[in-house]
Every structure is written in structure tokens, then in C-alpha cells.
Amino acid sequence: MILVFLGPPGSGKGTQAKRFSADKRIPQLSTGDMLRKAIASGTELGKSAQEFMSKGSLVPDEVVIGLIRERIAESDCQSGFILDGFPRTIPQAQALDALLRGEGLQVQAAVLFEIADRVLVSRLTGRRTCLKCGAMYHVETMRPRKPDVCDQCSSQLVQREDDREDVILKRLAVYHDQTSPLENYYREKGILEPLDATQTPDTVYTSLRRLLSSG
Ligand code: AMP
């Protein structure tokens, strides 16, 4: 089972990917989480990625394609994986297809998390993230048990540098400009599965399960 979760920042694809990954016991591969880990450990890759990320721009294609190429070769990806935040450009999608084709594989479905921009700004400004395990919370709608402490791993929660309003607006513009063409890319392949992402996380999850079990 190879799935792509596609949608603007804040559409809930990360939250849903984590839950689906735990249920199906297949890994969730988030290029954003991988890049944040590289930044936290101070690697060269992290340093160069940070410049793009803090501005809300995309990290160059060859960097994220390299990360994904290495990651999907690992043994836990044998029975499938969920791509969360990758691909984000047409060249990334083409590189993914080529990588998979080499193994006789292909993307099974691209789930499109559909939601209006105005809802996303308030979701993202209230978001708090655990930089250690990637868990996400919201100051009003998904509070941690202890303020600013991750329920899963007890690390400190932070507001991501790119979850500030000016950067959010830039990330949305980048999505519409560079990532939304992927909707047509997957539609033309007949594997685009639109999902209403405005509902509560539980409702969206129920729809996601239904959609993927019937698809
Ligand atoms: P995310 O956690 O998916 O919202 O990603 C945070 C940031 O990491 C993005 O705004 C980009 O700067 C960078 N990033 C994550 N995934 C990709 C990707 N597939 N291509 C390029 N940049 C990415």
C-alpha cells in the first residue's frame, strides 16, 4: 500500500497520516519531519534546508528526493508507506514514479485534503509541535494534557518558526503555485481521492478509512 497525502499546510494530512500509519502498521514518511530532525541535529543538510523553510519556500527537489530515495529503501517500507508532504512539485512526483517503477511498484492513491485557505491560517497559528516525535496539538482544539508538554514523549512543544502568519501566507501561496498542479497529475492517472478536510479529526478519519477501504 503506497499512499500520497496531498493538501495545503494545516489541512490535517500529517495528523491523519500518523493515525492511519499506526492503524495499518506502515510507516508515515514526512519530509518536513525529516528536515526538522536534520536541523535539530545541526547537519549540513539541515543548515541549508533551514534557510528555505524559515521563509516558507520549498527545499530544492534533489534534496527531498534524495531523502525519500534513502528512506523507502529501508526494511520497514517493504509492505508500504504513507507519504506526507512529498511530493510537492511535479518533478518530485515524476522522480517518485520513476523510483517506484524501478521496483515494479506504483502509488495506489493520492488523497487530497480539501479545505479553504481562511480556515488554515487560524489552524496553523494555534498549532504546537513536538520537534522530537512530530506529534501535533492546537492551543484551542487539541490541547496536550500538560500545557506545552508532548503527551507522547514528554518533550517541550514549540510553535514552529514557519507557523507564524506571514510565513503561513507564503506557504499557502507556494502550495497553490507549485504543489496544486499535482492534483491534476494524479487526477489524470485516475488515482486522486478528494476528502473534505474541514470536519473534526475523528470525522475526517472515518471518511479516510471508508475511502481507502473502498478504493
Ligand atoms: P511540512 O512539515 O510538510 O509543512 O514542511 C515544512 C517545510 O519543509 C516546507 O514549508 C518546506 O520548506 C519543507 N519541505 C517539506 N517537504 C518538502 C518537499 N517535499 N519539497 C520541498 N520542501 C519541503
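Attention here is on the structure that accompanies the text.

## Examining the overall build of the protein
The helix and strand tally for the protein stands at nine helices and eight strands. Compactness check: the protein gives a C-alpha radius of gyration of 16 Å against a globular reference of 17 Å for 215 residues, within 12% of the reference. The C-alpha extent of the protein, read off along each of the three principal axes, is 45 × 40 × 35 Å. Scored against the burial criterion, the 215 residues of the protein give a buried share of 48%. Across the protein, contacts joining residues at least 24 apart in sequence account for 71% of those joining residues at least 6 apart. Summed over its atoms, the accessible surface of the protein is roughly 11000 Å², and 48% of this surface lies on carbon and sulfur atoms.

## Let's talk about the site of the ligand
Taken together, 16 residues surround the ligand, and among them T31, R36, S57, G85 and Q92 come closest. Taking R171, its side chain carries an N or O atom lying 3.3 Å from an oxygen atom of the ligand. Here the ligand, which alone exposes 470 Å², has 96% of that area covered by the protein. A per-element tally of the shell around the ligand places helix α2 (residues 31-40) first, with four residues.

## A word on helix α5 (residues 90-101)
Between its first and last C-alpha, α5 extends 16 Å over twelve residues, near the 16 Å set by a 1.5 Å rise per residue. All of the buried residues along α5 are Q92, A93, L96, D97 and L100. Within α5, the buried residues cover an arc of 140° as seen down the axis, which keeps them to one side. Summarising the contacts, the buried residues of α5 are in contact with β1 (2-6), α4 (61-72), β3 (81-84) and α8 (181-188).

## Things to note about the packing of α2 against helix α3 (residues 44-55)
Pairs of packed helices are described in terms of their axes, by the angle between the two and the distance that separates them. The contact between α2 and α3 brings their axes to 8 Å, and the two run at 120°. Judged by the inter-axis angle, α2 sits oblique to α3. As α2 runs across α3, the sense of the crossing is left-handed. Taken together, the residues of α3 that come into contact with α2 (itself represented by G32, L35, R36, A38 and I39) are L45, G46, A49, Q50 and M53. Tallied by class, residues from the contact of α2 with α3 come to six nonpolar, three polar and one charged.

## What about the sheet that holds β3?
Taking strand neighbours across the sheet as the criterion, the five strands line up as β2-β3-β1-β4-β8 in an open arrangement whose pairing is parallel. Looking along the sheet, the strands with just one partner apiece sit at the ends: β2 (28-30) and β8 (192-196). Neighbour-to-neighbour, the strand axes of the sheet open up by a mean angle of 25°, direction not taken into account. The pairing of β2 with β3 spans three bridges and is parallel. Among the inter-strand pairings, Q28 is bridged to a residue of β3, identified as I82. Strand contacts of α2: β2 and β3, with the helix running at about 60° to β2, the strand carrying the most contacts.

## Quick notes on the sheet that holds strand β5 (residues 127-130)
Note on sheets: strands pair through backbone hydrogen bonds, and any given pair is parallel or antiparallel. Taken in spatial order, the three strands make up an open sheet running β6-β5-β7, and their pairing is antiparallel. A single partner strand is all that each edge strand has here, and the edge strands are β6 (136-138) and β7 (157-158). Its contacts with the sheet put helix α6 (residues 117-125) on β5 and β6, and the angle it makes with β5 is roughly 50°.

Calculation criteria
- Residues numbered from 1 in each chain as written.
- Predicted model: local features only at pLDDT ≥ 70, side-chain atom pairs only at ≥ 80, totals over all residues.
- Heavy atoms only, no water.
- Helix = DSSP H or I, 4+ residues; strand = E, 2+ residues; numbered from the N terminus.
- Rg over C-alpha atoms; globule rule 2.2 N^0.38 Å.
- Buried < 20%, exposed > 50% of the residue type's maximum accessible area, 1.4 Å probe, protein only.
- Contact = heavy atoms within 4.5 Å.
- Areas by Shrake-Rupley, 256 points an atom, 1.4 Å probe, with all protein chains shown as cover.
- Near = heavy atom within 4 Å.
- Polar contact = N/O pair within 3.5 Å; in protein donor to acceptor, adjacent residues only side chain to side chain.
- Expected span 1.5 Å × (residues − 1).
- Arc of directions from axis to C-beta.
- Axes fitted to C-alpha atoms, helices over the stretch in contact; angles between N-to-C directions.
- Parallel < 35°, antiparallel > 145°, perpendicular 65-115°, else oblique.
- Left-handed = near helix turned anticlockwise from the far one by under 90°.
- Nonpolar A, V, L, I, M, F, W, Y, C, P; charged D, E, K, R; others polar.
- Pairing = 2+ DSSP bridges.

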